[in-house]
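Fold and contact review
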Amino acid sequence: MKVTTYRLDEIPDSALVFAVIAAKHEGNWLFCRHKDRSTWEIPGGHREAGESVEAAARRELWEETGADADVTPVCIYGVEREGNSRYGMLFFAEVSKFGVLPAFSEIAEVRKFPAIPRDLTYPAIQPVLHNAVQGWLNTQSGAGELWDIYDENRNLTGRTHKRGDPLQDGDYHLVVHILVQNKNGEVLLTKRAPNKGFPNMWEATGGSALAGDDSLAAALREVREETGIELPPENGKIILQKRGRDFFLDVWLFRQEIDLDAVTLQEGETTDKMLADVPTIIQLSAEGVFCPYDDLERILSILEQEK
């Protein structure tokens, strides 16, 4: 099985069979348990004949949670099995109140989780969708800031992109992750605010480069804005680079002693701070409370070599 996400304009509406709704209530995610199952799933289901995919999303959200809420398209996803693909649209909903589940509902229980639960009905699909909506929420916070656009060879195009809008095919922007590590091998982590994508999860500092930023300038700015710490540029080096679907990523390592008392939490951005060694980061990741990094194992291996 292969799960792929697409921009909203990449797959025709006529091909969309499913509507799935990643819904939040008071900072937690809503998951449903079907009457015939013991596992959890994101609300959603089949689109009915003659129904718009948005109407299907609102209906499924009500039928499976009792909530009547606005839904916002996030992306299209496809599930490929044995060479055949079926497509659906992923939505986001911020739920303020609930009604009663309809009598015909197939749902036995609706529960709020701070992160994606372990016992999933569709474990190969739902984590991909959950991460997709988290990434989308990240682009919505700070919407309107400008990014420089790069081509596939990481050359600046001279164009800019407004955060929150979908990137066009073949356009890339620059993302930085910054690991600040002390002489004991501990890395500075902060906890994300509940209003952000990947809420209440631990992470090393990171973010998107703004228009005019090079990689180093972006790294220094992100650390300053998120922690209040000024890093000497000469203490940093890039330890990993990669190209994703619509981004270039630079992972920076700065070797510097850190006074936790000097770390300033930013309202609406961060809620807690800690110094964590590699085993602690591995444990946080296993518990599902560390932001997902595609190359986490490789990054941690480099950190172990560098300490």
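Reference entry: report on the structure contained in this document. (Residues numbered from 1 in each chain as written. Predicted model: local features only at pLDDT ≥ 70, side-chain atom pairs only at ≥ 80, totals over all residues. Heavy atoms only, no water.)

Notes on the overall build of the protein chain
Looking only at helices and strands, the protein chain has five helices and 16 strands in total. At 21 Å, the protein chain has a C-alpha radius of gyration in line with the 19 Å of a compact globule built from 307 residues. Seen through its C-alpha atoms, the protein chain measures out along the principal axes to roughly 65 × 40 × 35 Å. Contacts in the protein chain between residues at least 24 apart in sequence constitute 67% of all its contacts with a sequence separation of at least 6. Across the protein chain, 33 positive and 51 negative side-chain charges occur, with their mean positions spaced 2 Å apart. (Helix = DSSP H or I, 4+ residues; strand = E, 2+ residues; numbered from the N terminus. Rg over C-alpha atoms; globule rule 2.2 N^0.38 Å. Contact = heavy atoms within 4.5 Å. Lys, Arg positive; Asp, Glu negative; His and termini not counted. Charge placed at Lys NZ, Arg CZ, Asp CG, Glu CD.)

Digging into the packing of helix H4 (residues 278-286) against helix H5 (residues 296-306)
Direction vectors running N to C along H4 and H5 enclose 165 degrees, while the axes themselves pass 10 Å from each other. Compared by their axis directions, H4 and H5 come out roughly antiparallel. Both H4 and H5 take part in a crossing whose hand is right-handed. In this structure, H4 contributes Val278, Ile281, Ile282 and Ser285 to the contact, and H5 contributes Leu296, Leu300, Leu303 and Glu304. Residue composition of the contact of H4 with H5, by class: six nonpolar, one polar and one charged. (Axes fitted to C-alpha atoms, helices over the stretch in contact; angles between N-to-C directions. Parallel < 35°, antiparallel > 145°, perpendicular 65-115°, else oblique. Left-handed = near helix turned anticlockwise from the far one by under 90°. Nonpolar A, V, L, I, M, F, W, Y, C, P; charged D, E, K, R; others polar.)

Here we look at unusual backbone geometry
A positive phi is found at Arg154, a non-glycine position, where the angle reads about 65 degrees. Tracing the chain through its elements places Arg154 in the loop between strand E8 (146-150) and strand E9 (156-162). By relative accessible area, which is 27% here, Arg154 ends up partly exposed. In the Ramachandran plot, Phe198 falls in the positive-phi region, its phi being about 50 degrees despite a non-glycine side chain. Tracing the sequence through the fold places Phe198 in the loop between strand E11 (187-192) and strand E12 (202-203). Taking relative accessible area as the criterion, Phe198 reaches 11% and is therefore assigned buried. (Buried < 20%, exposed > 50% of the residue type's maximum accessible area, 1.4 Å probe, protein only.)

So, the pairing of strand E6 (residues 84-94)
In this structure, strand E2 (residues 16-25) lies alongside E6, joined through eight bridges in parallel fashion. If you follow Phe18 over to E6, its bridge partner there is Gly88. In terms of strand pairing, strand E5 (residues 72-81) meets E6 through nine bridges, oriented antiparallel. Looking at the pairing, Thr72 lines up with Phe92 of E6. (Pairing = 2+ DSSP bridges.)

Things to note about the pattern of salt bridges
For the coordinates displayed, the defined rule picks out 24 salt bridges. Here Asp169 ties to Arg7 by a salt bridge, and the two come within 4.0 Å at their closest N and O atoms. Of the two residues, Asp169 sits in the loop between E9 and strand E10 (173-181) while Arg7 sits in the loop between strand E1 (2-6) and E2, which places them 162 residues apart along the sequence. Put simply, Arg33 and Glu109 hold a salt bridge, and the shortest N to O gap is 3.1 Å. Residue Arg33 is found in strand E3 (residues 28-34), and its partner Glu109 is found in strand E7 (residues 107-113); the two are separated by 76 residues along the sequence. On the basis of relative accessible area, Arg33 is assigned to the partly exposed category, the value being 21%. Here Glu109 falls in the partly exposed class, since its relative accessible area comes to 24%. (Salt bridge = Lys/Arg side-chain N within 4 Å of Asp/Glu carboxyl O.)

A closer look at the environment of Arg224
Checked against the element boundaries, Arg224 lands in helix H3 (residues 215-227). With 65 residues separating them along the chain, Arg224 and Arg159 place their C-alpha atoms 26 Å apart. Once you skip the residues sitting within four places of it in the chain, Arg224 turns out to touch Ile229 and Glu230.

Topic: the nonpolar core
In terms of nonpolar packing, the biggest core is built from 25 residues, with Leu179, Leu189, Val251, Ile281, Phe290, Tyr293 and Leu303 touching the most fellow members. Only E10, E11, strand E14 (236-243), strand E15 (247-255), H4 and H5 provide two or more residues apiece to this core. Judged by nonpolar contacts, the second largest core, of 22 residues, contains Trp29, Phe31, Trp40 and Leu137. (Core = buried A, V, L, I, M, F, W, Y, C linked by side-chain atoms within 4.5 Å.)

Examining the packing of aromatic side chains
Within a pair of aromatic rings, the relevant descriptors are the distance that separates the centres and the angle that separates the planes. Evaluated as defined, the whole model comprises ten aromatic pairs. Taking the centre distance of 5.9 Å and the plane angle of 70 degrees together, the rings of Tyr6 and Tyr87 count as edge-to-face. On the criterion of sequence distance, the pair formed by Tyr6 in strand E1 and Tyr87 in strand E6 is long-range, its members being 81 residues apart. Seen in terms of ring centroids, Phe92 and Trp136 are 5.7 Å apart; in terms of plane orientation they differ by 45 degrees. Their pairing is tilted. A residue pair is termed long-range when its members are at least 10 positions apart, and Phe92 in strand E6 and Trp136 in helix H2 (residues 126-140) qualify at 44 residues. Cluster of aromatic residues (ring-pair linked, three or more members): Trp29, Phe92 and Trp136. (Phe/Tyr/Trp six-rings, centres within 6.5 Å; stacked < 30°, edge-to-face > 60°.)

Observations regarding the environment of Ala67
Mapping Ala67 onto the fold places it in the loop between helix H1 (53-65) and E5. Here the alpha-carbon distance between Ala67 and Tyr87, two residues 20 residues apart in the chain, equals 24 Å. Aside from chain neighbours lying at most four places away, what touches Ala67 is Leu61, Trp62, Val95, Lys97 and Phe98.

No statement about biological role is implied by the geometric values presented.
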